[in-house]
Amino acid sequence: MSTEELPDQPSVGRRSVGASETVAAQRRWWDAEADGYRREHGAFLGDDREGSDLVWGPEGLREADAGLLGDLTGRTVLEFGAGAAQCARWVAARGGRVVASDLSLGMLREGSDAAHAAGVPLVQCDARVLPFADDSFDVVFTSYGALPFVSDADAVLAESARVLRPGGRFAASVPHPLRWALPDVPGPEGLTAIHSYFDRRAYVEADEHGVVTYAEHHRTVGDWVRLLVGAGFMVRDLVEPEWAAGDAVWGGWSRLRGELLPGTLVLVADLP
């Protein structure tokens, strides 16, 4: 997001914001934006492909090429922060027994018909408090879901570890921490660092009454590694996808930026 994209936003800036305030804002924001988000990005995310797709980020890295989740045949899989469940449908088409969950009922509704046709159950829940038993899944993953949008990412990782079976795989894509230092615009002005990489205050939008309407949280690369280890994971890979999306533009992502700087970080870890 950027102030340039929100000329009517009463309050935009970086500050600390708590967990409950963040979650309430995210649920309202994604419910309101669900239809427009899918219309704008659905084709890129695979809605026009048979069996949908699993795309790790705006760079266009696809799981079919990356193989970060391993063989999914017969595996029990959870996608949290699933949105319209494009990724979960892709997993189902490859033999995985998958559940898709999201905080936003509006986002899940966008994908409900396709998910039903694909045999993918949808669950509305907070990724910080998953309604599943211990050791329920072989794979837990998300593509840009939940982790950037909560103040307590440690809670999401702890829950992911709890519901994973020993030896299970965890993978999650998040905005690359380097992007925090840059304006979120796709043109040349987006190549100049104007913020501190080490400023961990959230990017916050609020209405005229001071009520938070959107928040995005920042962690450094080192923060993510420490959070994974603290949740009991063994880090397997930190993937920084190179640009493969042609002339596509998604918010601050573009060929110009993507061919020079990473925009996405994919965290890949196993539970011992």
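Residues numbered from 1 in each chain as written. Predicted model: local features only at pLDDT ≥ 70, side-chain atom pairs only at ≥ 80, totals over all residues. Heavy atoms only, no water.

Draft legend 1. Looking closely at the state of the cysteines. The full count for this structure, using the stated rule, is zero disulfides. This cysteine, Cys 87, is not joined by any disulfide, and Cys 125 carries the nearest cysteine sulfur, 16 Å off. Overall, Cys 87 belongs to the buried group, its relative accessible area being 9%. (Disulfide = S-S within 2.5 Å. Buried < 20%, exposed > 50% of the residue type's maximum accessible area, 1.4 Å probe, protein only.)

Draft legend 2. Structural context of a nonpolar patch on the surface. A surface patch of nonpolar side chains, about 260 Å² in accessible area, is lined by Leu 191, Leu 256 and Leu 260. Take Leu 256: it is sitting in helix α8 (residues 255-258). Using a relative accessible area of 38% as the deciding quantity, one classes Leu 256 as partly exposed. (Patch = residues over 30% accessible without salt bridge, like charges linked within 9 Å, V, L, I, M, F, W, Y side chains within 5 Å. Areas by Shrake-Rupley, 256 points an atom, 1.4 Å probe, with all protein chains shown as cover. Salt bridge = Lys/Arg side-chain N within 4 Å of Asp/Glu carboxyl O. Helix = DSSP H or I, 4+ residues; strand = E, 2+ residues; numbered from the N terminus.)

Draft legend 3. Spatial organisation of the sheet that holds strand β3 (residues 97-102). Taking strand neighbours across the sheet as the criterion, the seven strands line up as β4-β3-β2-β5-β6-β10-β9 in an open arrangement whose pairing is mixed. Since the sheet does not close on itself, it has two edges, and those belong to β4 (122-124) and β9 (234-239), each with one partner. Along the sheet, successive strands turn relative to each other by an average axial angle of 20°, direction set aside. Inspection of the sheet shows strand β2 (residues 76-79) paired to β3 by four bridges, in the parallel sense. Looking at β3, one finds that Thr 76 is bridged to Arg 97. (Pairing = 2+ DSSP bridges. Axes fitted to C-alpha atoms, helices over the stretch in contact; angles between N-to-C directions.)

Draft legend 4. Structural detail: the pairing of strand β7 (residues 202-206). The element β7 is extensively covered by neighbouring structure, given that five of its five residues are classed as buried. Of the two faces of β7, the one holding Ala 202, Val 204 and Ala 206 and the one holding Tyr 203 and Glu 205 are both buried throughout. The pairing of strand β1 (residues 11-15) with β7 spans five bridges and is antiparallel. Residue pairing for β7: Val 12 is matched across the bridge by Glu 205. Where β7 meets strand β8 (residues 212-216), four bridges bridge the pair, whose relative direction is antiparallel. Note on β8: the bridge partner recorded for Tyr 203 is Glu 216. From the end of β7 to the start of β8, which pair antiparallel, there are five residues, and Gly 210 there has a positive phi angle of about 85°.

Draft legend 5. Region of the structure containing the packing of helix α6 (residues 153-163) against helix α7 (residues 221-230). It is at 9 Å that the axes of α6 and α7 come closest, and there the two elements cross at 40°. Comparing the axis directions of α6 and α7 gives the class oblique. Read as a crossing pair, α6 and α7 show a hand that is right-handed. Residues Ala 153, Asp 154 and Leu 157 of α6 lie in contact with α7, whose contacting residues are Trp 224, Leu 227 and Leu 228. Counted by class, the contact of α6 with α7 contains five nonpolar, no polar and one charged residues. (Parallel < 35°, antiparallel > 145°, perpendicular 65-115°, else oblique. Left-handed = near helix turned anticlockwise from the far one by under 90°. Contact = heavy atoms within 4.5 Å. Nonpolar A, V, L, I, M, F, W, Y, C, P; charged D, E, K, R; others polar.)

Draft legend 6. Main features of the packing of aromatic side chains. In the structure shown here, the tally under the stated rule is 14 aromatic pairs. Note on Trp 29 and Tyr 214: the rings are 4.9 Å apart at their centroids and 55° apart in plane angle, and the pair reads as tilted. Taken together, the positions of Trp 29 in helix α1 (residues 19-45) and Tyr 214 in strand β8 put the pair 185 residues apart, joining distant regions of the chain. The exposure classification of Trp 29 matches that of Tyr 214, with both residues buried. Relative to Phe 170, the ring of Phe 80 lies with its centre 6.4 Å away and its plane at 20°, an arrangement referred to as stacked. Of this pair, Phe 80 sits in the loop between β2 and α3 (86-93) while Phe 170 sits in strand β6 (residues 164-175), and the two are 90 residues apart along the sequence. Since its relative accessible area comes to 1%, Phe 80 is described here as buried. An aromatic cluster is present here, built from Trp 29, Trp 30, Tyr 37, Phe 44, Phe 149, Tyr 203, Tyr 214 and Trp 250 joined pairwise through their rings. One Lys or Arg, Arg 14, reaches over the ring of Trp 180 and ends 4.0 Å from the middle of that ring. (Phe/Tyr/Trp six-rings, centres within 6.5 Å; stacked < 30°, edge-to-face > 60°. Lys NZ or Arg CZ within 6 Å of the ring centre and 35° of its normal.)

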